[in-house]
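# Architecture and fold: a report
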Amino acid sequence: MQIKKIVIAGGGTAGWMSAAGLCQLLKPLGLEICLVESEQIGTVGVGEATLPHMRFFNRTLGLDERELMAATNATFKLGIEFRDWAQIGDSYIHPFGDYGPPGQTIPFHHVWHRLKEEGRSGRIDDFSLPVRMSERGKFGFPSDDPESLLSTFSYAYQLDASLYAKYLRRFSEANGVKRIEGRITSVERDGESGHISALNLESGERVEGDFFIDCTGFRAMLMGKELGATFIDWSHWLPCDRAIAVACEKTGESLPYTRATARGAGWQWRIPLQHRTGNGHVYASEFMDDQTAEDILLSSLDADAITEPNRLRFKAGMQDRQWIGNCIAVGLSSGFLEPLESTSIYLIQAGITAFAELMPSGGIDQRDVDEFNRVMQLEYDRIRDFLVLHYHATERDDSPFWTYVRTMSIPDTLKEKMDLFKSRGVVQEYKDGLFLHPSWIAVYLGQRVMPETRDPRADALSDAEILKLMKETEEIERLLDGCPAHETALTDFCRKEAPVFS
């Protein structure tokens, strides 16, 4: 059966990213795309921090970066600061960029390991342009010149997710996507194939389609309830199951990074936007009651709260299949991983992109279905491992929660990665999935996971070669001396003429 009409069930960030992405990525096919959502059903809408991949998604759609940032009250983001994770008092930044100069043949952390052992260097952070830029509260655009130090980093956004969804709605409707207001009450399926044939709305309207995208959030109305996907529960590895979100007034200049501060039974986020600061407390209800969690959050805000606390309940995990028949799940209907590393919007993007690449040209081919499920399984698995690392690689024993995550069994795939790094300082490489070499280095070293040995090529470097590498820190500081404050760069970019990429 030729697919001529795609129906998206649900709006919010997942729904409108799907609509915007598919109306552009599949534009040559001339498909009809419609989205069904109800104003009566709220969206989670608390995810405000993103990853650099989102920039490239927006560029693929042809969105104007300056206009988008202004419309969503966005700020620039160079990474995430983690406080109190390995030990209380510790702090490190996971940057969107490499350590050391461009064009290295030896992984730089091995060289830094030698320098540290010889007493010639303290922090590996001093060899990271985005870390030092963040610490100094500055921002500059990356360069496309591979020889330039400015090519060693990228950036993302901290934005209002609800405004981003509204922006994409306007874009999608302007590009032919039809929005239908209504609450879905039931699903019709073909008696022979079992495929979904239509959505029935509370108004009595019937919305037919050839292919369906489930963006109904935690309810997973199509993928879970109707098609029978099984939820794989990862709460034994990621025990946080609740969150409280609240916005507060902006104080001072906004910083170009998100902050994640470890608490007694979870962690607290701080995300600076142009007009306010987003805050939230993610915690494990087995180890902390709701009132205590709320008190901790409200007592540690920068300024007065300007919204009522928004309480959320969730369970870490994913659907065992995210494509069944003529339906895929995107966003919260496909699974949930806490926003510790700002992965929610990335997973939406990954699902949309994978589907566009595997879009059936005729009838649905099970090989395409299997490949989509394989790719998305890898995406979730690898993000899961990375998140579990943050909890497990700790020396904290000051609460039952930290004792549990420090001593718990971990996924075999993560154990293999950690054992390899601890023994030889090697970061396991992989093709599919998020978080590559620099990201793992940031968390390993930031949380006191040090390798027992290093690459022998680092020990073979001459003093002249070592001194040349150490001058890298001087070059970083020289560049930053001429770099504007983040707030200034943001104002100039959103309101004046400025290059999107230098």
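### Structural notes on the overall build of the protein
From N to C terminus, the protein includes 16 helices and 21 strands. The C-alpha radius of gyration of the protein comes to 23 Å, within 12% of the 23 Å expected for a compact globule of 502 residues. Across the 502 residues that make up the protein, the buried fraction comes to 59%. Sequence separation of 24 or more characterises 77% of the internal contacts of the protein that already satisfy a separation of 6 or more. Accessible area for the protein stands at about 20400 Å²; split by element, carbon and sulfur atoms hold 48% of it. Charged side chains in the protein number 54 positive and 75 negative. The centres of these two groups are separated by 1 Å.

### Observations regarding the nonpolar core
With 141 residues, the main nonpolar core has Ile6, Phe355 and Tyr391 as its most contacted residues. Within the second largest apolar cluster, 20 residues are counted, among which are Val36, Ala229, Ile324 and Cys327.

### Digging into the sheet that holds strand β9 (residues 196–201)
Strand order across the open sheet formed by three strands is β8-β9-β10, with antiparallel pairing between neighbours. The outermost strands of the open sheet, each flanked by one partner alone, are β8 (184–189) and β10 (206–208). When strand polarity is set aside, the average angle formed by the axes of neighbouring strands in this sheet is 25 degrees. Two elements, β9 and β10, share three bridges in a ladder whose sense is antiparallel. Bridge pairing in β10 places Ala198 opposite Glu208.

### Here we look at the side chain of Arg454
Within the fold, Arg454 resides in the loop between α13 (437–446) and α14 (456–459). Side-chain polar atoms of Arg454 contact the side chain of Glu117, separated by 3.0 Å. Within polar-contact distance, the side chain of Arg454 engages the side chain of Asp459 at 2.8 Å. Look past the residues within four positions of Arg454 in its chain and what remains in contact with it is His110, His113, Arg114, Glu117, Arg424 and Asp459.

### Focus on the pairing of strand β2 (residues 32–37)
A large share of β2 lies buried, amounting to five of its six residues. Note: strand β1 (residues 5–9) against β2, five bridges, orientation parallel. Note that in β2 the partner of Ala9 across the bridge is Val36. After leaving β1, the chain enters helix α1 (residues 12–25) and then returns to the sheet as β2, a path that is right-handed.

### Quick look at helix α4 (residues 108–117)
Counting buried positions over the 10 residues of α4 gives eight, a clear majority of the element. Every buried residue of α4 is accounted for by Phe108, His109, His110, Val111, Trp112, His113, Arg114 and Leu115. Phi turns positive, to about 75 degrees, at Gly119, one or two residues after α4.

### Details of the confidence of the model for the protein
Mean pLDDT over the protein: 94, with 97% of residues reaching 70 or higher. Predicted confidence is poor over residues 497–502, with pLDDT under 50, and the contacts of this stretch with residues over four places away or in other chains come to 18 contacts.

### Structural notes on the environment of Met376
Residue position: Met376 is located in helix α10 (residues 366–392). Accessibility expressed as a relative area gives 2% for Met376, which makes it buried. Considered as a pair, Met376 and Met318 are 58 residues apart in the sequence and their alpha carbons are 9.7 Å apart. When near neighbours in sequence (up to four residues on either side) are disregarded, Met376 contacts Gln322, Leu347, Ala350 and Gly351.

### A look at the pattern of salt bridges
Evaluation of the coordinates by the stated rule reveals 41 salt bridges. Here Glu294 ties to Arg311 by a salt bridge, and the two come within 2.4 Å at their closest N and O atoms. Highlighted residues: Glu294 in helix α8 (residues 290–299) and Arg311 in strand β17 (residues 310–313), separated in sequence by 17 residues. According to the relative accessible area criterion, Glu294 is buried, its value standing at 12%.

### A word on the side chain of Glu472
In this structure, Glu472 sits in helix α15 (residues 463–481). As a buried residue without a salt bridge, Glu472 has its nearest oppositely charged side chain in Lys468, at a separation of 9.4 Å. Setting aside chain neighbours within four positions, we find Glu472 in contact with Gly100, Pro101, Phe127 and Leu149.

### Some points on the packing of aromatic side chains
All chains considered together, the criterion is met by 30 aromatic pairs. On the basis of an interplanar angle of 80 degrees and a centroid distance of 5.9 Å, the ring pair of Phe82 and Trp85 is categorised as edge-to-face. Assessed through its relative accessible area of 1%, Trp85 is described here as buried. Taking the centre distance of 5.2 Å and the plane angle of 80 degrees together, the rings of Phe139 and Phe141 count as edge-to-face. Judged by relative accessible area, which is 1%, Phe139 ranks as buried. According to the relative accessible area criterion, Phe141 is buried, its value standing at 14%. Taken together, the ring pairs in this structure connect Phe82, Trp85, Tyr92, Phe287, Tyr391, Phe401, Trp402 and Tyr404 into an aromatic cluster. Taking the ring centre of Tyr155 as reference, the NZ or CZ of Arg55 above it sits at 3.8 Å.

### Some remarks on the packing of helix α9 (residues 344–358) against α10
Contact geometry of α9 with α10 gives a least axis separation of 10 Å together with a crossing angle of 160 degrees. Judged by the angle between their axes, α9 and α10 are roughly antiparallel. Considering how the two elements wind past one another, α9 and α10 form a crossing that is right-handed. The residues of α10 that touch α9, namely those facing Tyr346, Leu347, Ala350, Gly351, Ala354, Phe355 and Leu358, are Asp368, Glu371, Phe372, Met376, Glu379, Tyr380 and Ile383. When its residues are assigned to classes, the contact of α9 with α10 shows 10 nonpolar, one polar and three charged.

### Focus on the sheet that holds strand β21 (residues 335–336)
Strand order across the open sheet formed by three strands is β12-β18-β21, with antiparallel pairing between neighbours. Lying at the two open borders of the sheet, with one neighbouring strand each, are β12 (231–233) and β21. Sheet analysis places strand β18 (residues 317–319) next to β21, joined by two bridges and oriented antiparallel. Bridge pairing links Gly317 to Phe336 in β21.

Rules used throughout
- Residues numbered from 1 in each chain as written.
- Predicted model: local features only at pLDDT ≥ 70, side-chain atom pairs only at ≥ 80, totals over all residues.
- Heavy atoms only, no water.
- Helix = DSSP H or I, 4+ residues; strand = E, 2+ residues; numbered from the N terminus.
- Rg over C-alpha atoms; globule rule 2.2 N^0.38 Å.
- Buried < 20%, exposed > 50% of the residue type's maximum accessible area, 1.4 Å probe, protein only.
- Contact = heavy atoms within 4.5 Å.
- Areas by Shrake-Rupley, 256 points an atom, 1.4 Å probe, with all protein chains shown as cover.
- Lys, Arg positive; Asp, Glu negative; His and termini not counted.
- Charge placed at Lys NZ, Arg CZ, Asp CG, Glu CD.
- Core = buried A, V, L, I, M, F, W, Y, C linked by side-chain atoms within 4.5 Å.
- Pairing = 2+ DSSP bridges.
- Axes fitted to C-alpha atoms, helices over the stretch in contact; angles between N-to-C directions.
- Polar contact = N/O pair within 3.5 Å; in protein donor to acceptor, adjacent residues only side chain to side chain.
- Right-handed = clockwise from strand over helix to strand, strands pointing away.
- pLDDT = per-residue confidence, 0-100.
- Salt bridge = Lys/Arg side-chain N within 4 Å of Asp/Glu carboxyl O.
- Phe/Tyr/Trp six-rings, centres within 6.5 Å; stacked < 30°, edge-to-face > 60°.
- Lys NZ or Arg CZ within 6 Å of the ring centre and 35° of its normal.
- Parallel < 35°, antiparallel > 145°, perpendicular 65-115°, else oblique.
- Left-handed = near helix turned anticlockwise from the far one by under 90°.
- Nonpolar A, V, L, I, M, F, W, Y, C, P; charged D, E, K, R; others polar.

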